[in-house]
Structure formats: structure tokens, C-alpha cells
Amino acid sequence: MPTEYYETLTEIVIDNYAFKATWSAASGECCILWIQDTDYMEDYEALGRFSRFDKRKILEFVIRYVTNPQLREDISKKRFERHMESISHTVFHRISELSHEERERAFRELFNLDCMLDAAVDLNWKRRVMAKKFHPDRGGDTISMALINEGYELLTDRDSSRDKGERN
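The residue count restarts for each chain, going from 1 along the sequence in the order it is written. Under the rules for a predicted model, residues below a pLDDT of 70 receive no local features and side-chain atom pairs below 80 are neither given nor counted, while totals for whole chains, interfaces and linings still include all residues. In computing side-chain properties, one takes all heavy atoms of the structure into account and sets aside hydrogens as well as water.

Caption draft 1: Here's a closer look at the pairing of strand E2 (residues 17-23). Here's how the labels work: a residue is buried when its accessible area is under 20% of the maximum for its type, exposed when over 50%, partly exposed in between, all with a 1.4 Å probe on protein chains only. The helix and strand labels rest on DSSP assignments: H or I over at least four residues marks a helix, E over at least two residues marks a strand, and numbering proceeds from the N terminus. Among the 7 residues in E2, 6 count as buried, and that is most of the element. Note: strand E1 (residues 7-14) against E2, 7 bridges, orientation antiparallel. Paired with Glu 11 across the bridge in E2 is Lys 20. In short, DSSP must find at least two bridges between two strands for them to pair. Both E2 and strand E3 (residues 31-37) contribute to a ladder of 6 bridges, which runs antiparallel. Paired with Thr 22 across the strands is Ile 32, a residue of E3.

Here it is as C-alpha cells:
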């Protein structure tokens, strides 16, 4: 969060979650709500915005967010769908030219796993969302779909290998 551009209106800490509501001239009348999971995140990430600063409404939302896993998942899914809107076919062509080692990083970025807020959302659900946009029957191409499947398999194999190692 570039603090030099934002004025902090309020800060809230609940358990391992730190929230900041900020305002800037660029955001007009609305305020931005930022979140930091202090266990996993070094910086704040934008969680959403409110049409105006209302401390009570922000506090009510924060309490719902912290106590409701379904709300957190729903917000993460919406964030991922917005992330997909910014992805074009050229991303897949760039990924196809990368080395195997570089692809894992690119797939983590594509599946939005570097964002702690969105990492918990099911990879299979994310793959389905991408398929709706990039499947050849939906105007995509076979390269894009093959890379989506390759990324899914690579990331799920990596996660299952890590889980097995933790159990041993």
C-alpha cells in the first residue's frame, strides 16, 4: 500500500487480521479497505471499497469478514473473477515460451496464488473459471487451455507433495 498517497481514517486489528480504511483524493468520496493477515502477509492488500467513510459499517463488515469463512471465500472468488478479466490470450503465449522452472512462477501468478487472500480458493474452481473464458469452444484456443491444465496439474502435484511431506 503506497502510504504517501493515502490518509488513514481508521485501523482495526482482530486476531491476526489488520485492517485500514484509507482515503485519497484519487478515490473521490469513497474509502478503500485494506487487509493484512499478519501471519502470512508483509504488506496490506486492497480488500474493497466503501462509497463513503462510515466507521460503523466498516466495523460491521470487518467483524463479518473475520468470523465468516464463507464470506472470505466469496470475496476471494470475486477477486479472482476480476483478475481473469484482465488476462488475455497473450499471457498464455508468453507462458508457453518460458522454461519449466519459470512456468511454476507464472502459473502461481495466473492462478493468483501469490495473493494470500485468494490462495485459499479451490484450484479446481479457478481452473473452471479460466476454462469458461479460454476454452476453444468459448473463443479461446488449445494452447491456452493446455497451459491452464498444465498449470493446474503442476500446482496440485506440488501441493499434494508438500502435504505428504508435512504428514511424514
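Caption draft 2: Highlighting unusual backbone geometry. Even without glycine at this site, Asp 15 takes up a positive phi of about 55°. What makes Asp 15 exposed here is its relative accessible area of 68%. One non-glycine residue, Asn 112, lies in the positive phi region at around 60°. Tracing the chain through its elements places Asn 112 in the loop between helix H4 (100-110) and helix H5 (116-119).

Caption draft 3: Here's a closer look at the packing of aromatic side chains. Any two rings among Phe, Tyr and Trp, with Trp reduced to its six-membered ring, count as a pair given centres within 6.5 Å; such a pair is stacked if its planes are under 30 degrees apart, edge-to-face if over 60, and tilted if neither. On inspection of all chains with the given rule, the structure shows 8 aromatic pairs. Centre to centre, the rings of Phe 19 and Tyr 65 are 6.0 Å apart; their planes meet at 85°, and the pair counts as edge-to-face. Placement of Phe 19 in strand E2 and of Tyr 65 in helix H1 (residues 55-67) is noted, with a sequence separation of 46 residues between them. We note that Phe 19, like Tyr 65, is buried. Taking 5.9 Å as the distance between ring centres and 80° as the angle between the ring planes, the aromatic pair formed by Phe 50 and Phe 61 counts as edge-to-face. With a gap of 11 residues between them, Phe 50 in strand E4 (residues 45-50) and Phe 61 in helix H1 connect regions that are remote in the sequence. Like Phe 61, Phe 50 is buried. A ring is scored as having a charge over it whenever the NZ atom of a lysine or the CZ atom of an arginine sits within 6 Å of its centre and within 35 degrees of its normal. One Lys or Arg, Arg 127, reaches over the ring of Tyr 152 and ends 3.8 Å from the middle of that ring.

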